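Residues per chain, in single letters:
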Amino acid sequence: MALAVLAAGGLRAVLPPELRFGDARWAFVVVVFALLAILIVGDPGRIDRDSRWLRAGTGTLIGLISIVNASAAVRLVAGIIDGAKFSNDANILLASGGAIWLANVLAFGLWYWDLDRGGAAARARGTGHQPAFVFPEMTHPQYVGADWYPKFLDYLHLSFAAATAFSPTDVSAIRPWAKLMMMSEEAISLVVAVLVVSRAVNILK
């Protein structure tokens, strides 16, 4: 989870100035790293300390990543439609679109991980609520240990599959909020992929 957060911050830094807020390339990375450091100090090792301030801090961190990446996606789409300067360079366009797409995958993976069954700490302690996602391991318990529960990698795979297939794959969303989040991720991924690829192909021609 920590590596995913740092990767999302790093992806923001590689975007052109037109897709960032001004020239403060590393400001977002510093803020994200500071928030992550606070969370790690508050709950080192396995994430199993369930407290209100840790949940609030985690939500703030993921929300910041999501909002900043959403603003970059909106600027990217608007730039392509308006014919901005950066949208005439296929290399910059593909790199920016790829960075925004991947950051979107990371952000939604973090949201799934943070919201399902009351959060990571509740799942680790076995005090979580009813699941919002049904994983294959839950329907085939004979292939996993009795104490299995979904980790961040499981949610990251769910997010990646939704962003590439534009539909559920081996994991089923069974809660309304989970279905709406997956629909949102699939829609964002589809719009970014279609616009970036079509614009890049048009430039290369």
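Residues numbered from 1 in each chain as written. Predicted model: local features only at pLDDT ≥ 70, side-chain atom pairs only at ≥ 80, totals over all residues. Heavy atoms only, no water.

1. A few points about the nonpolar core
With 46 residues, the main nonpolar core has Ile 65, Leu 76, Tyr 112 and Phe 133 as its most contacted residues. Counting residues per element, this core draws most heavily on helix 4 (residues 90-115), which supplies 10 residues. Each residue touching Ile 65, except ones within four places of it in the same chain, is listed here: Val 5, Ala 8, Phe 28, Val 32, Ala 107 and Leu 110. (Core = buried A, V, L, I, M, F, W, Y, C linked by side-chain atoms within 4.5 Å. Buried < 20%, exposed > 50% of the residue type's maximum accessible area, 1.4 Å probe, protein only. Helix = DSSP H or I, 4+ residues; strand = E, 2+ residues; numbered from the N terminus. Contact = heavy atoms within 4.5 Å.)

2. What to know about the pattern of salt bridges
This model, assessed by the stated rule, comprises one salt bridge. In this structure, Arg 55 and Asp 114 form a salt bridge, with 3.7 Å as the shortest nitrogen-oxygen distance. One end of the pair, Arg 55, is in helix 3 (residues 52-82); the other, Asp 114, is in helix 4, with 59 residues separating them in the sequence. Arg 55 gets classed as partly exposed once you look at its relative accessible area, which sits at 30%. (Salt bridge = Lys/Arg side-chain N within 4 Å of Asp/Glu carboxyl O.)

3. Observations regarding the side chain of Asp 116
Tracing the sequence through the fold places Asp 116 in the loop between helix 4 and helix 5 (120-125). We note that Asp 116 is buried and unpaired, the nearest opposite charge coming from Arg 117 at a distance of 4.2 Å. With residues up to four places along the chain from it excluded, the contact list for Asp 116 reads Arg 123, Pro 131, Ala 132, Phe 133, Phe 135, Pro 150, Tyr 155 and Trp 177. (Lys, Arg positive; Asp, Glu negative; His and termini not counted.)

4. A short note on a nonpolar patch on the surface
Residues Leu 3, Leu 6 and Phe 33 make up a contiguous nonpolar surface patch of roughly 340 Å² in combined accessible area. When you line up the elements, Leu 6 lands in helix 1 (residues 2-13). (Patch = residues over 30% accessible without salt bridge, like charges linked within 9 Å, V, L, I, M, F, W, Y side chains within 5 Å. Areas by Shrake-Rupley, 256 points an atom, 1.4 Å probe, with all protein chains shown as cover.)

5. Let's talk about the packing of helix 3 against helix 4
One can describe the packing of helix 3 onto helix 4 by two numbers: an axis separation of 9 Å at closest approach and a directional angle of 150°. When the axes of helix 3 and helix 4 are compared, the pair comes out roughly antiparallel. Considering only the axes of helix 3 and helix 4, their crossing is left-handed. Touching Arg 55, Thr 58, Gly 59, Ile 62, Gly 63, Ile 65, Ser 66, Asn 69, Ala 72, Ala 73, Leu 76 and Ile 80 of helix 3 are Leu 93, Gly 97, Ile 100, Ala 103, Asn 104, Ala 107, Leu 110, Trp 111, Trp 113 and Asp 114, all from helix 4. Residue classes in the contact of helix 3 with helix 4 are distributed as 13 nonpolar, seven polar and two charged. (Axes fitted to C-alpha atoms, helices over the stretch in contact; angles between N-to-C directions. Parallel < 35°, antiparallel > 145°, perpendicular 65-115°, else oblique. Left-handed = near helix turned anticlockwise from the far one by under 90°. Nonpolar A, V, L, I, M, F, W, Y, C, P; charged D, E, K, R; others polar.)

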